[in-house]
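# Examining the three-dimensional arrangement
What follows is the residue order along each chain.
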Amino acid sequence: KELRFDQVAATRTDLPEAQQSLSVANLASATIRGLELETTFAVTDTVRLDASLGLLDDEIEEVIGGSLQSGPYVITADNELPYTPDITASAQFGWTPELPNGGELGLNIGWVYVSEQYFGVENQPYQYENERHRIDASLRYSPRLGSWDILVGVRNLTDEIYSTTAISGIGA
């Protein structure tokens, strides 16, 4: 799948403070190509394995005038687009045995991977996030005749610290 963007915008911070939040400049054009694969494998009636892989290739093809100044940073065609990790992947193990009372128990353990990425087109060092791995787990109970279930889950079992976004202040 290929997406082509014309007129990608970036907020300018090289203007007087009163105009900074209102000014937008053009990057001209950028392209994002991607591939996503997902699979589910039923090992038994009660055991399931899921996996996914996402691949992205992003490119700023042109910046009007060759470069754009954003505060102390220069945006060129060599910059990375924000929120475009090259690789995302996940795997999950699910076990759902039926209980003697007719209810169902569900255990899920999952792994998520996201490769390094920037959170701003300026590619500022504090807007960069290293690759990260995350482990999640959940336990669910569903009664045989009920229209409800109970779910207890933990995201980020290893307590890894990571960012999901970064916001730059005016003049930063």
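Above this text you will find the structure in question.
## Brief notes about unusual backbone geometry
Even without a glycine there, the phi angle at Asn123 is positive, about 55 degrees. For Asn123, the location among the structural elements is in the loop between strand 10 (117–118) and strand 11 (128–129). Relative accessible area serves as the criterion here: at 16%, Asn123 is assigned to the buried category. Phi is positive for Asn156, which is not a glycine, with a value near 70 degrees. Following the sequence through the fold, Asn156 ends up in the segment after strand 13 (150–154).

## Overview of the pattern of salt bridges
This model, assessed by the stated rule, comprises four salt bridges. Among the ionic pairs, Asp57 bridges to Arg33, the shortest N-O distance being 3.6 Å. Pair noted here: Asp57 is in strand 5 (residues 47–62) and Arg33 is in strand 4 (residues 29–42), with a separation of 24 residues, a long-range link. Across the pair Glu104 and Arg140 runs a salt bridge whose closest N-O atoms are separated by 3.4 Å. Taken together, the residues span a long stretch of sequence, with Glu104 in strand 9 (residues 104–114) and Arg140 in strand 12 (residues 132–142) at a distance of 36 residues.

## Examining the pairing of strand 12
Side chains Arg132, Arg134, Asp136, Ser138, Arg140 and Ser142 project from strand 12 onto a buried face, and the interleaved His133, Ile135, Ala137, Leu139 and Tyr141 project onto a face without burial. Examined bridge by bridge, strand 9 and strand 12 share eleven bridges and lie antiparallel to one another. Across the sheet, Val112 pairs through a bridge with Arg134, a residue of strand 12. In terms of strand pairing, strand 12 meets strand 13 through five bridges, oriented antiparallel. The residue bridging Ala137 from the neighbouring strand is Val154, located in strand 13.

What counts as what
- Residues numbered from 1 in each chain as written.
- Predicted model: local features only at pLDDT ≥ 70, side-chain atom pairs only at ≥ 80, totals over all residues.
- Heavy atoms only, no water.
- Helix = DSSP H or I, 4+ residues; strand = E, 2+ residues; numbered from the N terminus.
- Buried < 20%, exposed > 50% of the residue type's maximum accessible area, 1.4 Å probe, protein only.
- Salt bridge = Lys/Arg side-chain N within 4 Å of Asp/Glu carboxyl O.
- Pairing = 2+ DSSP bridges.

Nothing here speaks to function; it is geometry throughout.
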